[in-house]
Amino acid sequence: MTVRVGVVGTGIMGADHSNTLHRHVSGAAVTMVADLDLARAREVAAALPDVRATDDGFALIGDPAVDAVVVASADATHADLAVAAVQAGKPVMCEKPLAPTLPECRRVVEAELAAVGAGGPPLVSVGFMRRFDPGYLELRSALEAGACGTPLLVHCVSRGVASGPGSTSESSVIGSAIHELDTVPWLLDAPVVEVSWHAPRSTAVVPDMQDPQLLLLRTADGALTTVEVFLNARYGYDIRCEVVGDRGTLALTNPARMVADADRRRATGYPADWRPRFADAYRLELQAWVDAVAADRPPPLATARDGLIADAVADAVITSMHDGGRTVAVEPPAR
């Protein structure tokens, strides 16, 4: 069975998903793309065979030539589009975050529950692609095998070249650190129970937002995690993760990079954004999603509830941000 996929959003992420689905995911055919910028949608459609473009994401969801939907539009649109897909009975893979606020996330979860019932097959998947990254998977397997003993500390670093237009201190958490807020409990198999937010002086590059930020997370197993989020580090896209245990440490190694030797100097290049670093993760995630949709079984991706839980942690971090960095307990969402 070929799964006919519609992609809502044709910016950097949506265009990349469309290309990956077409070139690297078996059993998938992109049939339609949508973007409020119709010219941009048409440009993406023109690069693929037999793809139609529209400026209406809801029309795409309702189109009979679309079996399943990828939502890669602006964060503020995620909840409405995901709910529309659920109400149309179509599987949807929504990029992170599931929604920018807790009430919106709850609305998606409730809509899915109303559509499929308690215990029914989920329709919503969330794009926490690090769960498919070979490096993170190897790290998780080593932790499960006890390779470093009992985890005591986790150190996460998330650095980028430059923040996007309109970025804020809050959006740094919900739009970027949200990856670590999902990854850390996934790695440790323990939920985040309390958080606090801290910051040094901010870079002069973005005077209107706090960058970098440092988050402290405590998980139910007693481990403490530091998360550095620095969107305007400028030197390159750099993701790191180290787990310190009572018998050793485990850390992600950097992916293969070009090393240039010249003029008695050695230089190592960094990617400009996330696409080269996580290309395998996105491909494997989309393949797993398409395979599950084709087989009519639950996708092995993060669920709507996982997205809600990550948002609950982000909400606690932002509460701490606005309250002098005090420690805030994370309220687990009711089932």
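If you're wondering where the values come from, they're calculated on a predicted model, not measured in any experiment.

Cut-offs and rules
Residues numbered from 1 in each chain as written. Predicted model: local features only at pLDDT ≥ 70, side-chain atom pairs only at ≥ 80, totals over all residues. Heavy atoms only, no water. Helix = DSSP H or I, 4+ residues; strand = E, 2+ residues; numbered from the N terminus. Rg over C-alpha atoms; globule rule 2.2 N^0.38 Å. Buried < 20%, exposed > 50% of the residue type's maximum accessible area, 1.4 Å probe, protein only. Contact = heavy atoms within 4.5 Å. Areas by Shrake-Rupley, 256 points an atom, 1.4 Å probe, with all protein chains shown as cover. Lys, Arg positive; Asp, Glu negative; His and termini not counted. Charge placed at Lys NZ, Arg CZ, Asp CG, Glu CD. Axes fitted to C-alpha atoms, helices over the stretch in contact; angles between N-to-C directions. Parallel < 35°, antiparallel > 145°, perpendicular 65-115°, else oblique. Nonpolar A, V, L, I, M, F, W, Y, C, P; charged D, E, K, R; others polar. 1 Å grid on protein atoms, 1.4 Å probe; cavity = no way out; pocket = protein on both sides within 12 Å on 5 of 7 lines; lining within 4 Å. Points joined across faces, edges and corners; volume = space filled by probe spheres on them. Left-handed = near helix turned anticlockwise from the far one by under 90°. Pairing = 2+ DSSP bridges.

As for the overall build of the chain
Each helix and strand counted, the chain has ten helices and 16 strands in total. In terms of overall size, the chain behaves like a compact globule, its C-alpha atoms giving a radius of gyration of 20 Å where 335 residues would be expected to give roughly 20 Å. Along the three orthogonal principal directions, the C-alpha set of the chain runs to about 60 × 55 × 45 Å. By the burial criterion, 51% of the 335 residues in the chain qualify as buried. Sequence-distant contacts in the chain: of pairs separated by 6 or more residues, those separated by 24 or more amount to 70%. Element-wise, carbon and sulfur atoms account for 53% of the exposed surface of the chain, whose accessible area totals about 15,200 Å². Treating the 29 positive side-chain charges of the chain as one cloud and the 42 negative ones as another, the clouds have centres 5 Å apart.

Section: unusual backbone geometry
Pro 97 follows Lys 96 through a cis peptide bond whose omega is -10°. With respect to the helices, strands and loops of the structure, Pro 97 is situated in the loop between strand E5 (92–95) and helix H5 (102–116). The amide bond that connects Asp 211 to the next residue, Pro 212, takes the cis arrangement and shows omega of 10°. Tracing the chain through its elements places Pro 212 in the loop between strand E8 (192–198) and strand E9 (213–219). Of note in the backbone geometry, Arg 264 takes a positive phi value of approximately 60° without being a glycine. Take Arg 264: it is sitting in the loop between strand E13 (259–262) and strand E14 (265–268). Residue class for Arg 264 comes out exposed when judged on its relative accessible area of 85%.

Brief notes about the packing of helix H4 (residues 78–87) against H5
Their axes nearest at 9 Å, the elements H4 and H5 cross at an angle of 0°. On the basis of the axis angle, H4 is roughly parallel to H5. Where H4 abuts H5, its residues Ala 79, Asp 80, Ala 82, Val 83 and Val 86 lie against Glu 104, Arg 107, Val 108, Ala 111, Glu 112 and Ala 115. Classifying every residue of the contact of H4 with H5 gives seven nonpolar, no polar and four charged.

Quick look at the layout of surface pockets
The probe, sized like a water molecule, is rolled over the atoms to show the empty space still left. Counted as a void, the largest pocket has a volume near 1,500 Å³. Of all the secondary structure elements, the ones that give two or more residues to the lining of the largest pocket are helix H1 (12–24), helix H3 (57–62), H4, strand E7 (151–159) and helix H7 (169–188). With six residues, H7 is the single largest residue contributor to the lining of the largest pocket. Grouping the amino acids of the lining of the largest pocket by side-chain chemistry returns 21 nonpolar, 19 polar and ten charged.

Observations concerning the packing of H1 against helix H9 (residues 279–295)
Direction vectors running N to C along H1 and H9 enclose 65°, while the axes themselves pass 10 Å from each other. As judged from the angle between their axes, H1 and H9 are roughly perpendicular. For the pair H1 and H9, the crossing hand works out as right-handed. Between H1, through Met 13, His 17, Thr 20, Leu 21 and His 24, and H9, the contact on the second element is made entirely by Tyr 282, Arg 283, Leu 286, Gln 287 and Val 290. Class assignment for the residues of the contact of H1 with H9 results in five nonpolar, four polar and one charged.

Details of the sheet that holds E5
Spatial strand order, E3-E2-E1-E4-E5-E6-E15: seven strands in an open sheet with mixed pairing. One side of each edge strand has no neighbouring strand; the edge strands of this open sheet are strand E3 (52–54) and strand E15 (302–303). Sheet topology note: the strand E4 (residues 68–71)/E5 ladder contains three bridges and is parallel. For Val 70, the partnering residue across the bridge sits in E5 and is Met 93.

Examining the sheet that holds strand E11 (residues 238–245)
Read across the open sheet, the seven strands follow the order E12-E11-E7-E10-E9-E8-E16; overall the sheet is mixed. Unpaired on one side and paired on the other, strand E12 (249–251) and strand E16 (328–329) mark the two borders of the sheet. By the bridge criterion, six bridges tie E8 to E9 in an arrangement that is antiparallel. Across the sheet, Trp 197 pairs through a bridge with Leu 215, a residue of E9. Relative to the sheet, H7 contacts E7, E8, E9, strand E10 (224–230) and E11, its axis offset from that of E9 by approximately 30°. Sheet contacts for helix H10 (residues 304–321): E8, E9 and E16; angle to E8, the most-contacted strand, approximately 35°.

Quick word on the environment of Met 209
Within the secondary structure layout, Met 209 lies in the loop between E8 and E9. Sequence separation between Met 209 and Ser 169 is 40 residues; the distance between their C-alpha atoms is 5.1 Å. Dropping the residues within four chain positions of it, Met 209 is found in contact with Ser 163, Ser 167, Thr 168, Ser 169, Ser 172, Ser 202 and Leu 231.

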